[in-house]
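In case you want the letters, here they are:
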Amino acid sequence: MKTLIFIKKKRLRGEREIPFGGGNPMRRMEKGARHRNNTGKNHPGGSEAEASPESGSGGGGVALKKEIGLVSACGIIVGNIIGSGIFVSPKGVLENAGSVGLALIVWIVTGVITAVGALCYAELGVTIPKSGGDYSYVKDIFGGLAGFLRLWIAVLVIYPTNQAVIALTFSNYVLQPLFPTCFPPESGLRFLAAICLLLLTWINCASVRWATRVQDIFTAGKLLALALIIIMGIVQICKGEYFWLEPKNAFENFQEPDIGLIALAFLQGSFAYGGWNFLNYVTEELVDPYKNLPRAIFISIPLVTFVYVFANVAYVTAMSPQELLASNAVAVTFGEKLLGVMAWIMPISVALSTFGGVNGSLFTSSRLFFAGAREGHLPSVLAMIHVKRCTPIPALLFTCFSTLLMLVTSDMYTLINYVGFINYLFYGVTIAGQIVLRWKKPDIPRPIKINLLFPIIYLLFWAFLLIFSLWSEPVVCGTGLAIMLTGVPVYFLGVYWQHKPKCVNNFIESLTLVSQKMCVVVYPEMEAGSGKEEVNEDTDEQRQPIYQPTASKDKDSEQPQP
């Protein structure tokens, strides 16, 4: 191991123009892989960890393992979309829709639009087969600054705050039975949330397989709980309890119809499906991504839409719209009405659902930060993986630490409101990039090629909601844009400005080396440059113009002479 780290140190000192401690990240990682392979040949004792079968990619180098199969891929999508919302407060759509019937239509339409967006992402995911999701697509299509701004807002606010809120929801439902007559203490909630985050970070650091098993188990658990709700709803309908589902009652307005409120209902519905693009963050760890990425999307989005619609149908068989809107935890109220002594199942289901949600968010967001570091947009140590476990430990620790920081702040929920608009903005930008890519590079291989009508439909719906958001909440949206634009000077100082003073580069290199030693991590071997994995001609051709345009030239120029 000492030999490996010494070689890494020499190589880092040879590249002074490294943004955030990294030059051309693709070139650097390919060179690092070759150095590690050579080290293994020349110093077998010093590179034993990397040559072990556990190290990943067929013998010499360390690489991310392809351990996410179709079931786990579906678990990631379903587990990230279905959080606590459908159990706790599905009333946002109903409140703004103004009637039960229109609310159900909103759930169906937003599910269809989500499926359209997911189809667009499926094409992008197999055309640009990189982890990092919309960040990678925006960066490759629109350039480094646009990609960095997407990454900046995700690193700064979106993922830390979302994970903190989900962890706090988990701790609230775990502690609530211990405090039946009052709210749990704030310090206790935050402490338990921190334990949840630390435990799941450790699991994700230890093994990709463990992390995906946790995701599979807890996704199955939340689906079983929702299946129970749906079955109880069917039983209610069989008993004749379907007053609010009859057309004359379903479309009875309990408030004055308003186009602005209906648009807000669609916006709430779209947010409820958030997480549908998370599988694209881990494309490189998918087994056979060209088949399993689209298959997982085709299975998961219709499944979630079915669950959302019929869970809401079940709720109105036991509660009137007024009761549903008055409840702070709809599934718990539903359980108390219909399950009797088994009503405890519902709060436990919420806790399990949120626990799985934290795991899925940690797993996918760490890969986003890993991808950003690999492109030179974040400190290069975040692009390293453990020599034996092949997990991105620095990225996971960074994700955990940023979330723990959010737990001690009091403005989490305000920040989420500010940047929710920006998150939705980049969905549309990414899908617009699909049209741009069709125009700029029409001949690159696309294993999936959907009709351009699909991205146009999505963009029309997206533009409608975006314009309405700007009109109804100009201050909130403007603040979100301002937070995003703080990334512009950071980009020019940290990424664009490559020839930094020597003292700055030395400091970054020293910090990177110390982090490497502490975490026992190295740069992963790049799949296209390793020569260990079979890559078909279509895959190789499609990567040339999009996947790693600079790295491919570097690779050719650095081939060893026979």
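Predicted model, so just to flag it, every value in this text is computed and none were measured. (Residues numbered from 1 in each chain as written. Predicted model: local features only at pLDDT ≥ 70, side-chain atom pairs only at ≥ 80, totals over all residues. Heavy atoms only, no water.)

Asks: It is not clear to me how helix α18 (residues 393-407) should be interpreted in this structure. Could you clarify?
Replies: In an α-helix, one turn spans 3.6 residues; hence positions three or four apart end up facing the same way. Helix length check: α18, at 15 residues, gives a terminal C-alpha distance of 21 Å against a target of 21 Å (1.5 Å per residue), a fit within 8%. Looking at α18, one finds that the buried residues are Ile393, Pro394, Ala395, Leu396, Thr399, Cys400, Ser402, Thr403, Met406 and Leu407. (Helix = DSSP H or I, 4+ residues; strand = E, 2+ residues; numbered from the N terminus. Expected span 1.5 Å × (residues − 1). Buried < 20%, exposed > 50% of the residue type's maximum accessible area, 1.4 Å probe, protein only.)

Asks: Would you explain the packing of helix α9 (residues 144-175) against helix α22 (residues 487-496) in this entry?
Replies: For any two helices packed against each other, one specifies the crossing angle of their axes together with the interaxial distance. Viewed as axis vectors pointing N to C, α9 and α22 meet at an angle of 115°, and their least axial separation amounts to 10 Å. Here the hand of the crossing between α9 and α22 comes out right-handed. Contact with α9, carried on its side by Gly144, Leu145, Phe148, Leu149 and Trp152, involves Gly487, Val488, Val490, Tyr491 and Val495 of α22 and no other residues of that element. A class-by-class count of the residues in the contact of α9 with α22 yields eight nonpolar, two polar and no charged. (Axes fitted to C-alpha atoms, helices over the stretch in contact; angles between N-to-C directions. Left-handed = near helix turned anticlockwise from the far one by under 90°. Contact = heavy atoms within 4.5 Å. Nonpolar A, V, L, I, M, F, W, Y, C, P; charged D, E, K, R; others polar.)

Asks: What is the right way to look at the pattern of salt bridges in this model?
Replies: If the charged atoms of two oppositely charged side chains come close together, the side chains can form a pair. By the definition in use, this model includes 13 salt bridges. Where Asp216 meets Arg213, a salt bridge forms, and the shortest distance between an N and an O atom there is 3.8 Å. Residue Asp216 and its partner Arg213 are located together in helix α11 (residues 208-238), separated by three residues, close to a single helical turn. Residue classification places Asp216 among the buried positions, given a relative accessible area of 19%. A relative accessible area of 40% means that Arg213 is categorised as partly exposed. As a salt-bridge pair, Glu284 and Arg374 come within 2.6 Å of each other at their nearest N and O atoms. In this pair, Glu284 sits in the loop between α13 (259-272) and α14 (289-318) while Arg374 sits in helix α17 (residues 345-374), placing the two residues 90 residues apart along the sequence. The pair Glu284 / Arg374 is uniform in exposure class, with both members buried. Salt bridges linked by common partners bring Lys130, Lys139, Asp140 and Glu375 together as one network. (Salt bridge = Lys/Arg side-chain N within 4 Å of Asp/Glu carboxyl O.)

Asks: What am I meant to see in the packing of aromatic side chains here?
Replies: Between two aromatic rings, the relevant description is the distance of the centres plus the angle of the planes. Tallied over the full model, the rule gives 26 aromatic pairs. Aromatic side chains Tyr159 and Tyr281 sit 6.2 Å apart centroid to centroid with 75° between the ring planes, which places their arrangement in the edge-to-face category. Taken together, the residues Tyr159 in helix α9 and Tyr281 in the loop between α13 and α14 connect sequence positions 122 residues apart. Both residues of the pair, Tyr159 and Tyr281, count as buried. With a centroid separation of 6.0 Å and an interplanar angle of 70°, the aromatic rings of Tyr424 and Tyr427 are classed as edge-to-face. With Tyr424 and Tyr427 both in helix α19 (residues 412-440) and three residues apart, this pair spans about one turn of that helix. Each member of the pair, Tyr424 as well as Tyr427, is classed as buried. (Phe/Tyr/Trp six-rings, centres within 6.5 Å; stacked < 30°, edge-to-face > 60°.)

Asks: What exactly am I supposed to notice about the packing of helix α4 (residues 70-81) against α11 here?
Replies: Where α4 contacts α11, the axes come no closer than 9 Å and their chain directions differ by 55°. On the basis of the axis angle, α4 is oblique to α11. α11 is crossed by α4, and the crossing has left-handed handedness. Facing Val71, Ser72, Gly75, Ile76, Val78, Gly79 and Asn80 of α4, the residues of α11 in contact are Thr212, Arg213, Gln215, Asp216, Thr219, Lys222 and Leu223. (Parallel < 35°, antiparallel > 145°, perpendicular 65-115°, else oblique.)

Asks: Can you walk me through the side chain of Thr512 in this structure?
Replies: Assignment of secondary structure puts Thr512 in helix α23 (residues 502-519). For Thr512, a relative accessible area of 6% puts it in the buried group. A polar side-chain atom of Thr512 sits 2.8 Å from the main-chain carbonyl oxygen of Ile508. (Polar contact = N/O pair within 3.5 Å; in protein donor to acceptor, adjacent residues only side chain to side chain.)

Asks: So what exactly am I meant to see when it comes to helix α8 (residues 134-142) here?
Replies: In terms of burial, α8 is a largely internal element, seven of the nine residues being buried. Among all positions in α8, only Asp134, Tyr135, Ser136, Tyr137, Val138, Lys139 and Ile141 are buried.

Asks: It is not clear to me how unusual backbone geometry should be interpreted in this structure. Could you clarify?
Replies: Trans is the prevailing form of peptide bonds, just as negative phi is the prevailing case for residues other than glycine. Here Asp288, not a glycine, exhibits a phi torsion of approximately 50°, which is positive. Along the chain, Asp288 falls in the loop between α13 and α14. On the accessibility criterion, Asp288 (35% relative accessible area) is partly exposed. A positive phi angle, near 55°, is found at Val520, a position not held by glycine. As for its placement among the helices and strands, Val520 is situated in the loop between α23 and β2 (521-522). On the basis of relative accessibility, which here comes to 28%, the residue Val520 falls in the partly exposed class.

What is shown is where atoms sit, not what they do.
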